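Report on the structure
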2 protein chains.
Amino acid sequence: MKKTVFVFSALIIAILALFQLSKYAYISGDISIEIGIAVIALVFFVIGVYINKKSLRKQKVASPKIDSKKIETLGISKREYEVLIGISEGLSNREIADKLFVSESTIKTHVSNLLVKLDAKRRTQAIQRAKALQILLP
Amino acid sequence: MKKTVFVFSALIIAILALFQLSKYAYISGDISIEIGIAVIALVFFVIGVYINKKSLRKQKVASPKIDSKKIETLGISKREYEVLIGISEGLSNREIADKLFVSESTIKTHVSNLLVKLDAKRRTQAIQRAKALQILLP
DNA sequence: AAGGTTTTGGTACTTTAGTATGAGTCCTTT
DNA sequence: AAAGGACTCATACTAAAGTACCAAAACCTT
């Protein structure tokens, strides 16, 4: 909001300044009227581009980001989250174990805990839930 | 491309017209210089907004759609695709069977065929592959 | 009607996934 | 130092998932 006030203040000042400039040029004849008009055109062209860009930015759909706060809220630990990513990549427990340099038993434990925390019965459901909770990118 | 040429032609004509208008107003004194400047400012403001909107539209990401042609190419049948959707929803074979009013054996057959067609080893990998192939929405 | 594809379903078996439980190690906080 | 949490791993099961192979309806298409 403060930016909007600033922009419109600058806009009004620019208009007044240009009016004065044009009058001065008109009377003194130092600056040709063509250059004055060109400056005005350029200034308002830039203002148009800037204001439009600002308004469009607000309309843009919120880009989906990982909600790290929700991960904490659900009590999902660092290691569990790494396992969750492995699941979403379509890896088996064995493959996740090899990727994280731990045993398959460990992965099974993590998966079991994840399913409870995500309120899911299967790993496929866990993927769905995690994406719905914005814990994983779509 | 044709539109761009048109826009720039209109822009140049507008500039020339405004130059003439300003000169005419300057000589005859019929129109005050403030109004002339205001018109110029407005015109270029609008041009700025329009050009910016056009350039931003092109930058927008193409909205992801289901590639039904790819489904055919992979030889995935109607029923198999329904099963695939069930898998992506995190359902078990039993649940998919109940949803489609068929036996679990049938679902297993469909899943097995799907895994071959999607070149996946697990249903979780099938989800990943299907989304990568734009067969399923992200 | 014949022929191909899809859909359906079964049996039998192997492989993963997931649960339950217990326990040791390492870190951090009190 | 004790307590709690996170990470690790194992055993022993149960439950799904997935494979292989076969076969019969149900549909289309020619």
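Here's what I pulled together on the structure shown here. Model, not experiment: these values are computed from the prediction.

Here is what the cut-offs are and how they apply
- Residues numbered from 1 in each chain as written.
- Chains lettered and ligands numbered in written order.
- Predicted model: local features only at pLDDT ≥ 70, side-chain atom pairs only at ≥ 80, totals over all residues.
- Heavy atoms only, no water.
- Near = heavy atom within 4 Å.
- Polar contact = N/O pair within 3.5 Å; in protein donor to acceptor, adjacent residues only side chain to side chain.
- Helix = DSSP H or I, 4+ residues; strand = E, 2+ residues; numbered from the N terminus.
- Nonpolar A, V, L, I, M, F, W, Y, C, P; charged D, E, K, R; others polar.
- Salt bridge = Lys/Arg side-chain N within 4 Å of Asp/Glu carboxyl O.
- Buried < 20%, exposed > 50% of the residue type's maximum accessible area, 1.4 Å probe, protein only.
- Contact = heavy atoms within 4.5 Å.

1. A word on the protein's contact with DNA strand C
Not every one of the 18 residues close to DNA strand C is listed here, only the nearest: Lys108, Ser112 and Arg123 of chain A together with Ser77 and Ser103 of chain B. Between a phosphate oxygen of DNA strand C and a main-chain N or O atom of Asn93 of chain A, the distance comes to 3.0 Å. The contact in question runs from a phosphate oxygen of DNA strand C to an N or O atom on the side chain of Arg79 of chain B, over 2.8 Å. Mapped by element, the contributors of at least two residues to the surface near DNA strand C are helix H6 (104-117) of chain A together with helix H4 (78-88) and helix H6 (104-117) of chain B. A breakdown of the residues in the surface near DNA strand C according to their chemical character gives three nonpolar, nine polar and six charged.

2. Section: the pattern of salt bridges
Residues and elements named next belong to chain A. Tallying each qualifying case throughout the model produces 14 salt bridges over all chains. Glu82 is the partner of Arg79 in a salt bridge, and the nearest nitrogen-oxygen pair spans 2.9 Å. Linking Arg79 with Glu82, this pair stays in helix H4 (residues 78-88), spanning three residues, or about one helical turn. Overall, Arg79 belongs to the partly exposed group, its relative accessible area being 31%. Since its relative accessible area comes to 35%, Glu82 is described here as partly exposed. Beyond isolated ion pairs, a larger network of salt bridges with shared partners links Arg94, Asp98 and Glu104.

3. Things to note about the side chain of Ser92 of chain B
Checked against the element boundaries, Ser92 of chain B lands in the loop between H4 and helix H5 (93-100). Residues within four places of Ser92 of chain B in sequence aside, it is in contact with Arg122 of chain A together with Arg123 of chain B.

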